[in-house]
Structures are given as structure tokens and as C-alpha cells.
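As a plain string of letters, each chain reads:
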Amino acid sequence: MRIIVIYTLIACMFVAGCQQERPEGASLAQSSETGTLDKGKNVIVVVIDSMTKPVIEETMERGSLPALSFLAERGQIYHDLVAPFPSMSVSIESTLVTGTSPKEHNVPGLVWYDPNGDVIVDYGSTISKYWKLGMNDTLMNTLAHLNTNHISPKVSTIYEDLKQNGRTSGSINLLVYRGNQTHRVTVPSYMKSLLHLPDKIETKGPDLLAFGQAVKPKAVQGARLDESFYQKFGLNDSYSAEVTVKLIQENEQPDFLMVFFPNYDKDAHYHGPVSPEYFAKTDGYLQEILNAYDSWDEALRENIFVIMGDHGQDLLTDKKEKAAIELEPLLDPYYVAPLMDEPSSGDIVIANNHRSAYLYAIEPNLDFIDIADQLHEDNRIDHLAWLDGNELILYQVGTEGFLRVKEGGSWHDQYGQTWSFQGNEQIADIKVNESDGTIAYGDYPDIFHQLYGALNSHSESMIVTAKPGYTLKSEGAPVHNEGGEHGGLHKNDTITSIIVSGTEKELDERRMEALKEYFLGLFDD
């Protein structure tokens with residue numbers, strides 16, 4: 001989910017201070033890499049929030065996707081790209097730019113618990129949680145700490161690698177963008193005083209960085225853009241397209257540019273995952289980018305285009321009280337502290353990522369199996385998982401037995417990973433081929449690796465997920481009954497689509513972990 005609360009944060013920042021003097025934005029002229037390599041084709045990656053096969057195909061059948069159709073007809077389209085878990089934009093973008101799982105990049109999800117600071121880290125899931133957890137903490141986590149502190153320093157991002165390779169890069173409206181270039185975040189002085197923010201807020205990003213009104217490259221400063229209060233201060237598809245077009249027109253297009261289109265995610269939440277009339281609007285902004293060149297064919301001669309979704313969405317049942325699985329009553333008599341209290345004052349901490357959640361046992365005598373016994377009472381819950389040493393323990397409500405899984409072993413999957421396991425294989429919906437020692441995933445693509453990555457991403461926790469049609473409810477969490485939701489482990493949440501046009505290079509491994517190396521390889525070709 002694109003973090004809706006950030007719109008409110010930036011509204012608070014700019015509603016009375018957007019006319020203040022802002023620092024000069026970055027330009028390619030400042031980059032030592034400019035002009036050092038044979039140009040070849042540039043690469044433009046457009047990430048469309050919640051884009052999937054069903055909505056693409058239905059909207060194409062209506063003839064409402066001329067730009068996407070143009071690129072798909074001249075390229076390759078894949079409808080089986082697997083997102084990491086939890087299927088939330090922050091952890092997905094972290095995997096996309098680092099080429100690693102949450103185990104390596106250390107960003108567990110949109111929401112997670114930090115026992116060292118005894119705080120729930122929330123990059124902005126809902127407005128009510130934003131107020132209760134603290135405006136300043138949410139703002140600093142999103143605009144500064146995520147890219148400077150939370151992503152592990154042990155992994156490199158595509159922007160850092162491109163810099164090392166002598167290439168220029170840029171990011172427009174993505175939340176995760178860590179790079180080598182220092183960018184100044186514009187926050188009005190009154191807001192700094194109100195929230196006790198530092199006098200100067202800086203973040204590290206690629207050569208060119210645009211994030212709404214908070215950070216702008218030099219090429220668009222002073223330009224009339226869709227960035228008003230009613231246009232979410234630039235965190236919208238129109239702004240993303242306008243900035244991209246401006247960079248092209250001003251000869252400021254970097255070698256690699258990643259652009260985020262957030263609008264359809266909100267439409268899918270409210271109207272359902274397959275809403276062609278809303279998805280068609282996205283294509284109009286893609287057309288603007290293609291129109292920045294003399295012709296669409298010229299755009300393809302100069303660029304490799306990658307158009308991709310970040311996750312899917314599951315359609316929730318229509319009645320709110322049925323769609324929402326209230327976690328706190330299920331955990332009774334164990335106590336969950338209110339968001340405005342210290343998390344450790346309760347027995348259990350909930351970090352809700354909508355169709356999944358991390359649960360943390362604070363009470364010393366409380367084991368994960370005790371929590372699992374409580375949650376087994378609700379048949380809308382799907383999986384329960386935790387680690388016992390280096391072994392994954394996996395239950396599924398409504399399926400007998402358990403499954404114990406270890407990395408390494410004699411069983412191979414399609415991604416070259418090896419596993420050993422004991423118990424009921426139906427829990428993971430895998431098919432075992434004893435003749436060649438392979439396993440095939442069903443409704444939960446890459447389930448073992450996804451759960452290992454999430455459970456090893458931070459402090460000790462267990463994972464609970466919801467079955468299709470349902471979502472997890474805790475204090476401050478949204479419920480989009482009759483609409484779409486994600487964050488879960490099911491293929492409805494984790495499978496998305498990707499279109500590659502302007503290159504013959506095949507995308508052999510269709511997991512987001514593989515995309516960083518694929519993007520870098522496009523320059524080699």
C-alpha cells in the first residue's frame with residue numbers, strides 16, 4: 001500500500017510554508033559521471049502500484065491502454081513476477097533497489113516493532129496511527145531514517161552500484177531511494193519548531209531525486225506542476241509524469257530513472273483490484289512520457305522501458321465486520337498496549353501490515369505456540385509461522401498438523417533454492433516430485449524463502465496471515481471491505497506483472513530480488 005498518511009504529513013509541512021526559499025535542487029551537471037560512458041540506451045522503470053494481469057487484460061480489451069499496449073506489443077510481458085513478503089510497498093521497494101530479501105536489507109514491512117527503542121516503526125499506514133505514534137517520528141522515519149539508517153549498510157542499492165559503474169540515476173516519488181548524493185529535505189521553519197525537528201534534514205539518494213514538494217531536482221524548480229494541497233503535494237501520477245517529462249525536455253534524463261505511479265493503489269483499495277475505468281487513467285500519464293519524444297518509436301530507440309507492478313491485491317468480502325479479523329479479542333486474556341503507550345507495557349505487540357502482521361511476545365513466559373493456540377480459533381486466519389532456531393515452524397488454520405522447514409537439503413525449487421521439510425506439505429500448498437527431487441509452489445509462490453526472509457529481518461517475532469477475502473484488524477488499521485487489500489502471503493497479494501520493451505534480454509528469474517541485477521545487465525547489453 002502506498003502510505004496515504006504521507007500526503008497528510010506533507011500537507012502539514014507545506015500548507016503554510018510552501019513559498020519559503022528552498023535549497024537548489026540537484027542536476028546532472030553536478031555529477032562527475034556525466035558523459036563518462038558510451039550512452040547506449042537509457043532505462044526508464046515505471047512502477048505502477050497494484051498493477052496485475054486481470055486489470056491489464058480487461059482494460060486492454062476495452063482499448064483503453066494505448067501506451068501499455070504499444071510497449072507490450074514491442075516487448076515481453078510476464079504475469080508471474082513474485083513480490084517479497086510482506087507485500088507492502090516499503091519492503092517491496094527495499095528489495096527492488098537492493099536485490100535482496102528483508103533478511104538482508106532489514107526493512108521488515110510497512111510497520112514493525114523495534115525492541116531496542118521500544119517503539120513501533122510505522123512509515124505511515126493510516127492517519128489515526130500517525131497521530132498516536134507521533135507526527136515527528138513518522139515524518140523522520142519516512143523522510144530520513146528509512147534511507148539513511150534502516151536499510152542495512154551491508155547491502156548496496158542499484159543507485160550506489162550505478163554510481164560506482166559511472167552511470168547517472170534518478171528516482172521520482174518512490175519511498176526507497178538510497179544513493180550517494182545528499183539531498184536537502186524542505187520543511188518549513190514553523191513545522192521544525194512544532195515537531196522539534198532538526199534545523200537541517202538531509203537524505204541520501206541518487207543523482208536526481210524528486211519526492212513531492214519535499215525534494216525537487218533543479219530542472220523542475222519553479223515549474224508549474226500538479227502539487228497543490230488537492231493533488232497530495234506532488235505524490236501522484238501526474239506529478240511523477242510531469243517531472244519525468246521535464247527531465248527529458250531539459251536534457252537532464254539520467255541513464256537510469258525509476259518512477260512511481262501511486263494512484264491506482266487507492267482506486268483498487270476502494271473499488272476492487274480489477275477496476276478498468278480507473279486503471280485506464282494511469283495509461284494517460286505513461287502516454288505523457290512517451291510524448292516527450294518526437295515519436296513513440298523514437299522513445300523506444302532511445303530507451304528501454306520497464307513497466308511493472310509492485311504487488312497484487314485481494315478482494316475483501318463485502319461486510320466490514322466479516323472482512324476484519326479483530327486480533328485483540330482473539331489474543332485475550334493477553335494484553336496489547338494501546339498505541340499511545342509504550343509497546344512493552346503489554347504482553348504482545350502487534351505490527352499490522354494489513355493482510356499479515358508481526359506478533360512479538362513481551363511476556364517472558366509466553367511462547368509462540370501459546371499465541372498460535374489462541375489464533376487457531378478463527379478460521380479466517382490462514383498461516384501462523386515462527387522460527388525455532390534455524391527451523392521454520394508453519395501452521396495453517398483448517399489444515400491438520402504442522403510443517404517444519406529448513407534451508408538446505410535435497411529438495412529443489414524453481415529458484416535454485418534447496419529445502420528439507422517434515423510434516424504436512426498441504427500446509428504450504430506445495431507439490432513434491434520424488435522422481436527429480438523438486439517442489440512446485442501453488443497458492444503461495446516462494447513461501448519458504450518469503451517467510452525466512454521476513455522472520456530473519458529484525459527481532460524475534462511470529463507471523464500471522466489472513467485467508468483470501470479477509471484482513472487483520474488492530475488499533476488504527478484500515479478495513480477496505482468490498483475493495484482490495486494486500487500485505488499477505490497468498491498469490492493474490494504477491495503476484496504482479498512486468499512489461500519489458502526496447503531490449504531482447506529475457507527476464508529469466510521472475511522474482512523482485514532478481515530485478516536489480518537484471519536492470520544493471522541492461523546496460524551491459
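**Student:** Any chance you could explain the overall build of the protein here in plain terms?
**Tutor:** Assigned secondary structure in the protein consists of 19 helices and 24 strands. In the protein, which comprises 525 residues, the share counted as buried stands at 62%. When contacts within the protein are restricted to residue pairs at least 6 apart in sequence, those whose partners lie at least 24 apart make up 72%. Of the accessible surface of the protein, which amounts to about 19800 Å², a share of 44% is contributed by carbon and sulfur atoms.

**Student:** Would you take a moment to explain the packing of helix α11 (residues 263–271) against helix α12 (residues 276–291) for this structure?
**Tutor:** Relative placement of two packed helices is described by the angle separating their axes and the distance separating the axes. Relative to each other, α11 and α12 sit at 175°, their axes nearing to 9 Å. For the element pair α11 / α12, the angle class is roughly antiparallel. Contact residues: α11 offers Tyr264, Asp267 and His271, while α12 offers Tyr278, Phe279 and Thr282.

**Student:** For this particular structure, what's the right way to read the sheet that holds strand β5 (residues 169–172)?
**Tutor:** Across a sheet, paired strands are connected by hydrogen bonds in the backbone, their directions being either parallel or antiparallel. Taken together, 7 strands build an open sheet; the order of strands is β2-β24-β10-β1-β9-β5-β8 and the sheet is mixed. In the strand order of this sheet, the two ends are held by β2 (75–82) and β8 (208–210), each with one partner. The mean inter-strand angle of the sheet, taken between neighbouring strand axes irrespective of direction, is 10°. Where β2 meets strand β24 (residues 495–501), 6 bridges bridge the pair, whose relative direction is antiparallel. Bridging across to β24, isoleucine 77 finds its partner in isoleucine 499. Along the sheet face, helix α10 (residues 237–249) touches β5, β8 and β9 (256–261) and points at about 160° away from the line of β9.

**Student:** How should I be thinking about the packing of aromatic side chains in this particular structure?
**Tutor:** What describes a pair of aromatic rings is the distance from one ring centre to the other and the angle between the planes of the rings. Overall, the coordinates contain 16 aromatic pairs when judged by the stated rule. When the ring of phenylalanine 368 is compared with that of tryptophan 386, the centres are 6.2 Å apart and the planes differ by 50°; the resulting orientation is tilted. In this pair, phenylalanine 368 sits in helix α16 (residues 368–375) while tryptophan 386 sits in strand β15 (residues 381–388), placing the two residues 18 residues apart along the sequence. Its relative accessible area of 8% is what places tryptophan 386 among the buried residues. Judged by centre distance (6.2 Å) and plane angle (75°), the rings of tyrosine 441 and phenylalanine 448 are edge-to-face. Phenylalanine 448 carries the same exposure label as tyrosine 441, and that label is buried. One Lys or Arg, arginine 511, reaches over the ring of tyrosine 415 and ends 4.3 Å from the middle of that ring.

**Student:** Looking at this structure, I do not really get the nonpolar core. What am I missing?
**Tutor:** Nonpolar side chains tend toward joint burial in soluble globular proteins. Ranked by internal contacts, the top residues of the largest apolar core, which has 88 residues, are Phe256, Met308, Phe448 and Phe519. Once residues lying within four places of it in the same chain are set aside, the contact partners of phenylalanine 448 are Leu392, Leu394, Leu403, Val405, Trp419, Phe421, Ala428, Ile430, Ile439 and Tyr441. Of all hydrophobic cores here, the second largest spans 39 residues; its members include Ala26, Leu71, Leu257 and Phe279.

**Student:** Just checking my understanding: could you explain unusual backbone geometry for this structure?
**Tutor:** Note: most peptide bonds trans; most residues except glycine with negative phi. A cis amide bond links phenylalanine 85 to the next residue, proline 86, at an omega of 0°. Along the chain, the position of proline 86 falls in the loop between β2 and α4 (89–98). Of note, asparagine 173 is a non-glycine position whose phi angle comes to about 70°, a positive value. Among the secondary structure elements, asparagine 173 is positioned in the loop between β5 and β6 (181–185). Judged by its relative accessible area of 1%, asparagine 173 falls in the buried class.

**Student:** Before we go on, may I ask you to explain the packing of α4 against helix α19 (residues 515–524) in this structure?
**Tutor:** Taken N-terminus to C-terminus, the directions of α4 and α19 make an angle of 40°; their axes are 6 Å apart at the nearest point. Classed by the angle they form, the pair α4 and α19 counts as oblique. Across the interface between the two elements, Leu96, Val97 and Thr98 from α4 touch Leu515, Lys516 and Phe519 from α19. Split into classes, the residues belonging to the contact of α4 with α19 amount to 4 nonpolar, 1 polar and 1 charged.

**Student:** Would you mind going over the pattern of salt bridges with me for this structure?
**Tutor:** Where side chains of opposite charge bring their charged atoms close, a pairing between them can arise. Scanning the model with the defined rule gives 17 salt bridges in all. Arginine 404 is paired through a salt bridge with glutamate 391; the nearest N and O atoms lie 2.7 Å apart. Residue arginine 404 is located in strand β17 (residues 403–412), and its partner glutamate 391 is located in strand β16 (residues 391–396); the two are separated by 13 residues in the primary sequence. By relative accessible area, arginine 404 is classed as partly exposed at 24%. Exposure remark for glutamate 391: the relative accessible area of 16% places this residue in the buried category. Here the salt bridges do not stand alone but share partners, grouping Glu73, Arg74 and Asp297 into one network.

**Student:** Hey, could you run me through α19 in this one?
**Tutor:** Residues spaced three or four apart along an α-helix point in a common direction, a consequence of the helix completing one turn every 3.6 residues. Counting buried residues along α19, 8 of its 10 residues qualify, which places the element largely inside the surrounding structure. All of the buried residues in α19 are Leu515, Lys516, Tyr518, Phe519, Leu520, Gly521, Leu522 and Phe523.

**Student:** Which parts of the structure should I look at to understand α4?
**Tutor:** Of all 10 residues in α4, 10 are buried; the element is thus mostly enclosed. Of the positions making up α4, those classed as buried are Ser89, Val90, Ser91, Ile92, Glu93, Ser94, Thr95, Leu96, Val97 and Thr98. Where α4 terminates, the next one or two residues include glycine 99, which has phi positive at roughly 70°.

**Student:** Which parts of the structure should I look at to understand the environment of tyrosine 335?
**Tutor:** As for its placement among the helices and strands, tyrosine 335 is situated in the loop between α15 (327–331) and β13 (348–352). With 27 residues separating them in the primary sequence, tyrosine 335 and isoleucine 362 have C-alpha atoms 9.9 Å apart. Excluding anything up to four places from it in sequence, tyrosine 335 contacts Asp341, Ser345, Gly346, Asp347 and Ile348.

**Student:** Would you mind showing me how to read the side chain of asparagine 352 here?
**Tutor:** Structurally, asparagine 352 can be placed in strand β13. Since its relative accessible area comes to 1%, asparagine 352 is described here as buried. Here the side chain of asparagine 352 touches histidine 354 through a polar contact of 2.6 Å, landing on its backbone nitrogen. For asparagine 352, the side chain forms a polar contact with the main-chain oxygen of leucine 472, separated by 3.1 Å. Residue contacts for asparagine 352: discarding those within four places in its chain leaves Val111, Lys129, Ala357, Leu472, Lys473, Ser474 and Ala477.

**Student:** Please explain the environment of leucine 387 as it appears in this structure.
**Tutor:** Assignment of secondary structure puts leucine 387 in strand β15. According to the relative accessible area criterion, leucine 387 is buried, its value standing at 18%. Along the primary structure leucine 387 and phenylalanine 368 are separated by 19 residues, whereas in three dimensions their C-alpha atoms are 9.4 Å apart. Setting aside chain neighbours within four positions, we find leucine 387 in contact with Leu392, Tyr452, Leu455 and Asn456.

Conventions and cut-offs
Residues numbered from 1 in each chain as written. Predicted model: local features only at pLDDT ≥ 70, side-chain atom pairs only at ≥ 80, totals over all residues. Heavy atoms only, no water. Helix = DSSP H or I, 4+ residues; strand = E, 2+ residues; numbered from the N terminus. Buried < 20%, exposed > 50% of the residue type's maximum accessible area, 1.4 Å probe, protein only. Contact = heavy atoms within 4.5 Å. Areas by Shrake-Rupley, 256 points an atom, 1.4 Å probe, with all protein chains shown as cover. Axes fitted to C-alpha atoms, helices over the stretch in contact; angles between N-to-C directions. Parallel < 35°, antiparallel > 145°, perpendicular 65-115°, else oblique. Pairing = 2+ DSSP bridges. Phe/Tyr/Trp six-rings, centres within 6.5 Å; stacked < 30°, edge-to-face > 60°. Lys NZ or Arg CZ within 6 Å of the ring centre and 35° of its normal. Core = buried A, V, L, I, M, F, W, Y, C linked by side-chain atoms within 4.5 Å. Nonpolar A, V, L, I, M, F, W, Y, C, P; charged D, E, K, R; others polar. Salt bridge = Lys/Arg side-chain N within 4 Å of Asp/Glu carboxyl O. Polar contact = N/O pair within 3.5 Å; in protein donor to acceptor, adjacent residues only side chain to side chain.

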